Amino acid sequence: MNYRHSFHAGNSADVVKHGLLIALVHALQQKPGALTLIDTHAGCGLYDLEGEHAQRTGEAMHGVLRAVSDANPLLDDYRTAVRAVNDDGGTRFYPGSPRFLADVLRPQDALILNEKHPEDADTLRGAMRDTPAAVHERDAYEFWLAMVPPRTARGMVVVDPPYEQTDERARITATLAAASRKWGHGVTVIWYPLKDRAAHWRWKGQLRALGIPKFLTVEHWLYDDDRPGSYNGAGLFIINPPYAFTQALPPLLEALRVVLAPEGHRGEIGADWLTGAG
Ligand SMILES: C[S@@+](CC[C@H](N)C(=O)[O-])C[C@H]1O[C@@H](n2cnc3c(N)ncnc32)[C@H](O)[C@@H]1O
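Residues numbered from 1 in each chain as written. Predicted model: local features only at pLDDT ≥ 70, side-chain atom pairs only at ≥ 80, totals over all residues. Heavy atoms only, no water.

Quick look at the layout of surface pockets now. Each pocket or cavity is described by its volume, and for the largest pocket that value is around 1100 Å³. Here the lining of the largest pocket takes five residues from helix 1 (residues 12-28), the largest share from any one element. Considered class by class, the residues forming the lining of the largest pocket number 18 nonpolar, 14 polar and 17 charged. (1 Å grid on protein atoms, 1.4 Å probe; cavity = no way out; pocket = protein on both sides within 12 Å on 5 of 7 lines; lining within 4 Å. Points joined across faces, edges and corners; volume = space filled by probe spheres on them. Helix = DSSP H or I, 4+ residues; strand = E, 2+ residues; numbered from the N terminus. Nonpolar A, V, L, I, M, F, W, Y, C, P; charged D, E, K, R; others polar.)

Another aspect to go through is empty space enclosed by the protein. Summed over the entire model, instances satisfying the criterion amount to three cavities of 30 Å³ or more. The volume enclosed by the largest cavity comes to roughly 60 Å³. Per-element tally for the lining of the largest cavity: the top contributor is helix 8 (residues 168-182), with three residues. For the lining of the largest cavity, a count of residues per class yields seven nonpolar, five polar and no charged.

In terms of nonpolar packing, the biggest core is built from 82 residues, with L20 and M156 touching the most fellow members. Here the element with the most residues in this core is helix 1; it accounts for 10 residues. With residues near it in sequence (within four places) discarded, M156 still touches L21, L24, V25, L28, T36, L37, I38, L101, W183, V187 and V189. (Core = buried A, V, L, I, M, F, W, Y, C linked by side-chain atoms within 4.5 Å. Buried < 20%, exposed > 50% of the residue type's maximum accessible area, 1.4 Å probe, protein only. Contact = heavy atoms within 4.5 Å.)

Inspection of the entire model under this criterion finds nine aromatic pairs. A centroid spacing of 5.4 Å and a plane angle of 70° characterise the contact between F215 and F237, whose relative ring orientation is edge-to-face. One end of the pair, F215, is in strand 8 (residues 215-221); the other, F237, is in strand 9 (residues 233-239), with 22 residues separating them in the sequence. Look at F215 and you get buried, because its relative accessible area is 0%. Judged by relative accessible area, F237 falls into the buried class, the value being 0%. Its guanidinium or amino end placed over the ring of W203, R169 lies 5.4 Å from that ring's centre, counting from NZ or CZ. (Phe/Tyr/Trp six-rings, centres within 6.5 Å; stacked < 30°, edge-to-face > 60°. Lys NZ or Arg CZ within 6 Å of the ring centre and 35° of its normal.)

This part covers the sheet that holds strand 10 (residues 268-275). Either a parallel or an antiparallel arrangement is found when strands of a sheet pair, and the pairing is made through backbone hydrogen bonds. Strand order across the open sheet formed by eight strands is 5-4-1-6-7-9-8-10, with mixed pairing between neighbours. The open sheet is flanked by strand 5 (134-136) and strand 10, the only strands paired with a single partner. Going across the sheet, the axis of each strand differs from the next one's by a mean of 15°, ignoring polarity. Alignment of strand 8 against strand 10, held across seven bridges, turns out to be antiparallel. Bridge pairing in strand 10 places H220 opposite I269. Its contacts with the sheet place helix 9 (residues 197-208) against strand 7 (187-194), strand 8, strand 9 and strand 10, and it is angled at close to 170° to strand 8. (Pairing = 2+ DSSP bridges. Axes fitted to C-alpha atoms, helices over the stretch in contact; angles between N-to-C directions.)

Quick look at the site of the ligand now. With respect to spatial proximity, 21 residues lie near the ligand, and among them H18, H41, S97, E115 and D160 are the closest. The backbone of H41 places a nitrogen or oxygen atom 2.8 Å from a nitrogen atom of the ligand. Its free accessible area being 600 Å², the ligand has 97% of it covered by the protein chains. Classifying every residue of the shell around the ligand gives five nonpolar, nine polar and seven charged. (Near = heavy atom within 4 Å. Polar contact = N/O pair within 3.5 Å; in protein donor to acceptor, adjacent residues only side chain to side chain. Areas by Shrake-Rupley, 256 points an atom, 1.4 Å probe, with all protein chains shown as cover.)

Shown next as structure tokens:
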């Protein structure tokens, strides 16, 4: 486990992922029933964008720093959550998915986090000290399967791996298949990087073959040209997205595309059903 999210916190992929996570939870919260939010690859929870790791890559410059200086009201919830971890209204600190999720928690909701890297798990416990979140330090896939179905009828699992292991996609496919059998109506969000188009199509074919009835894909391509093998953007698989979320999605995606488009590129972002149609 070499991956450290502190090098990448607040990059363009984080803005899309965290912006959509907030929208998903808000859509689920249109009903008063309690939710359980489960984060299988939680990371540190809070990142110092002035720290050595973030400064070395400068990735936040092309992500959160653009989003906070933008005025589109559709990104207000995202910006409010970033400001919530900065007492002075600045942007030194960036909330990871656990803090974004904790920020939208209602009294009846539960948040269960998991992080395997011992150092990051320690940092995570510190970052979540003032929240009701439970923190585990287990293998993500074993944890995911053990946590579903949760105690509440409704909830969401967030799966955000680093993809440094060659079998990461195979483990996701197998665990998703098993988890769907245990909890067919649960919402699941899986983040993935967009690199090689052919490999990505193969994986999507394997996921389609699982026969999960409501399976949405969101893809964000940063550049207008094809750059095989390098990082071209990122996407989310969203299983069982709530109707209110899919209805609100097109203008939110457009707001994200505009704010994150690299210099000289329009970029492309869209949602498609891998199976089902809402
Ligand atoms: C992309 S980062 C998570 C970022 C976080 N979800 C966010 O949005 O702020 C992936 C995390 O997964 C952890 N990780 C990698 N393999 C794991 C595994 N098998 N089980 C649990 N955690 C793992 C890494 O240590 C890293 O902190």
